[in-house]
Amino acid sequence: MNTVATERVLRLAMAAGLGGMIMVGVGCDSGSDAGAAAGDGGAATAEAASDAFVVQTVNYPLAYFAERISGGHCQIEFLAPADGDPAFWMPDRDSIVRLQSADLILANGATYAKWMGGVSLPTSKIVDTSASFASAYIEVEDSVVHSHGVGGEHSHGGTAFTTWLDMTQARAQAEAVRDALIEGHGEHADDFRANADALFADIDALDAELVAVGESLAGTPLIGSHPVYQYLSRRYGLSLEALHWEPEMTITDQNLAELAELREGHAAGWMVWEGEPTAEAVAALESVGVRSIVFDPAGNRPDDGDWLSVMRANVEALRSVAEGG
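Residues numbered from 1 in each chain as written. Predicted model: local features only at pLDDT ≥ 70, side-chain atom pairs only at ≥ 80, totals over all residues. Heavy atoms only, no water.

Trainee: I would appreciate a short explanation of the packing of aromatic side chains in the present structure.
Mentor: Each aromatic ring pair is described using two quantities: the centre-to-centre distance and the angle formed by the ring planes. Applying the stated criterion across every chain yields a total of 11 aromatic pairs. For the ring pair tyrosine 60 and tyrosine 64, a centre distance of 6.3 Å and an interplane angle of 55 degrees mean the geometry is tilted. Of this pair, tyrosine 60 and tyrosine 64 are both found in helix 3 (residues 60-70), four residues apart, which corresponds to roughly one turn of the helix. In terms of burial, tyrosine 60 and tyrosine 64 fall into one category: buried. Taking 5.3 Å as the distance between ring centres and 85 degrees as the angle between the ring planes, the aromatic pair formed by tyrosine 112 and phenylalanine 161 counts as edge-to-face. You can see tyrosine 112 sitting in the loop between strand 3 (104-107) and strand 4 (126-128) and its partner phenylalanine 161 sitting in the loop between strand 8 (158-159) and helix 5 (167-184), a full 49 residues away along the chain. A relative accessible area of 5% means that tyrosine 112 is categorised as buried. On the accessibility criterion, phenylalanine 161 (7% relative accessible area) is buried. (Phe/Tyr/Trp six-rings, centres within 6.5 Å; stacked < 30°, edge-to-face > 60°. Helix = DSSP H or I, 4+ residues; strand = E, 2+ residues; numbered from the N terminus. Buried < 20%, exposed > 50% of the residue type's maximum accessible area, 1.4 Å probe, protein only.)

Structural data, given as structure tokens:
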């Protein structure tokens with residue numbers, strides 16, 4: 001076993017003794033040849049697993065950026081379950097163990113993943129990917145407590161955290177991912193740089209399209225189903241006010257009254273949902289003259305496609321509003 005592998009095995013063994021925790025095994029990414037070695041009594045597989053450079057991410061955008069940039073040279077993990085908002089997820093004991101044993105932990109910053117403040121993690125391995133634009137964070141007042149998914153009750157007050165919906169900020173976060181991978185796994189630096197440049201081109205194209213769509217909307221009033229579009233609105237000049245609605249909710253008379261009150265000073269004819277609303281919700285809104293589109297923040301891994309395809313669909317949804325539906 002090489003020096004790096006030995007060091008990681010020792011680190012895992014030491015961590016296993018802390019607080020009675022039992023460390024779980026970490027396998028190689030699907031792009032490795034570890035599976036082919038499994039026939040050799042498992043020895044080669046064990047060494048390959050210990051050699052993997054493991055990167056943990058707190059949300060799907062960072063996982064996508066890391067996957068694109070690493071190009072299979074690293075094992076990228078995103079542990080939050082698919083049926084909730086990763087921003088309000090609380091990792092269980094096994095997840096904490098996996099996080100603690102990672103070689104790199106990519107944090108979003110902007111108060112995203114508040115669980116990080118209550119979990120003991122190796123600070124030397126944490127990279128705050130939004131640190132370069134921390135002075136541009138948006139502070140919001142929001143005392144409404146609600147729940148959705150498996151995250152339990154929470155509020156969106158404090159610092160807005162869907163930073164990546166401003167594509168200039170998304171690019172800055174991707175740059176931080178590239179730099180962290182080069183620093184931690186420098187033998188593949190040339191590949192990381194080339195892969196990052198391809199990703200940057202895609203993000204820059206999204207930004208240019210959203211700038212054009214924002215100019216076409218020219219202050220058209222919009223209503224967001226949830227207060228997650230602050231950075232999107234600021235960067236692209238959207239006139240958007242938010243409610244606290246969920247895509248799966250049943251629209252009640254009280255909800256319609258809340259909507260009517262908001263529209264008195266903000267005459268929006270479009271609702272921007274963070275997920276696909278029910279047919280009943282769409283019909284209820286249409287009955288009062290409000291049409292629906294979906295702009296998915298993609299904080300979690302989508303059922304179909306990836307971060308880039310979801311963002312391209314989001315651009316088209318906003319473009320449909322600019323073009324009158």
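Picking up where we left off.
Trainee: So what exactly am I meant to see when it comes to the sheet that holds strand 3 here?
Mentor: Through backbone hydrogen bonds, the strands of a sheet pair up, either in parallel or in antiparallel fashion. Pairing is parallel in the open sheet, where four strands are placed in the order 2-1-3-4. Whereas interior strands pair on both sides, the edge strands pair on one side only; in this sheet they are strand 2 (75-78) and strand 4. Neighbour to neighbour, the strand axes of the sheet diverge by 25 degrees on average, direction disregarded. Strand direction decides the pairing type here: strand 1 (residues 54-57) and strand 3, joined by three bridges, are parallel. From the neighbouring strand, valine 55 faces strand 3, where its bridge partner is leucine 104. Against the sheet, helix 3 makes contact with strand 1, strand 2 and strand 3, and its axis sits at roughly 170 degrees relative to strand 2, the strand it touches most. (Pairing = 2+ DSSP bridges. Axes fitted to C-alpha atoms, helices over the stretch in contact; angles between N-to-C directions. Contact = heavy atoms within 4.5 Å.)

Trainee: Where do I start with the pattern of salt bridges in this structure?
Mentor: Any two side chains of opposite charge can pair, on the condition that their charged atoms come close. In the structure shown here, the tally under the stated rule is 11 salt bridges. A salt bridge links arginine 98 to glutamate 77; the shortest N-O distance between them is 3.1 Å. With arginine 98 in helix 4 (residues 93-100) and glutamate 77 in strand 2, this residue pair connects regions lying 21 residues apart in the sequence. Residue arginine 98 is classed as partly exposed on the basis of its relative accessible area, which comes to 31%. Between arginine 319 and glutamate 316 there is a salt bridge, with its nearest N and O atoms 2.2 Å apart. Residue arginine 319 and its partner glutamate 316 are both found in helix 10 (residues 307-322); the two are separated by three residues, about one turn of the helix. Overlapping salt bridges bring together Arg68, Asp202 and Arg312 as one network. (Salt bridge = Lys/Arg side-chain N within 4 Å of Asp/Glu carboxyl O.)

Trainee: Before we go on, may I ask you to explain unusual backbone geometry in this structure?
Mentor: Trans is the prevailing form of peptide bonds, just as negative phi is the prevailing case for residues other than glycine. A positive phi is found at threonine 111, a non-glycine position, where the angle reads about 65 degrees. Position of threonine 111 among the secondary structure elements: in the loop between strand 3 and strand 4. In this structure threonine 111 comes out as partly exposed when scored by relative accessible area, which is 39%. Even without being glycine, alanine 218 reaches a positive phi, approximately 45 degrees. Along the chain, the position of alanine 218 falls in the loop between helix 6 (189-217) and strand 9 (221-224).

Trainee: What is the right way to read the sheet that holds strand 9 from this model?
Mentor: As summarised here, the arrangement of the four strands in space is 10-9-11-12, forming an open sheet in which the pairing is parallel. Taken across any chain shown, the strands that pair with only one partner, and hence form the sheet edges, are strand 10 (239-242) and strand 12 (291-294). This sheet shows a mean twist of 30 degrees between the axes of neighbouring strands, independent of strand direction. Relative to strand 12, strand 11 (residues 270-273) is paired through four bridges, and the arrangement is parallel.

As far as function goes, none of this settles anything; it's purely spatial.
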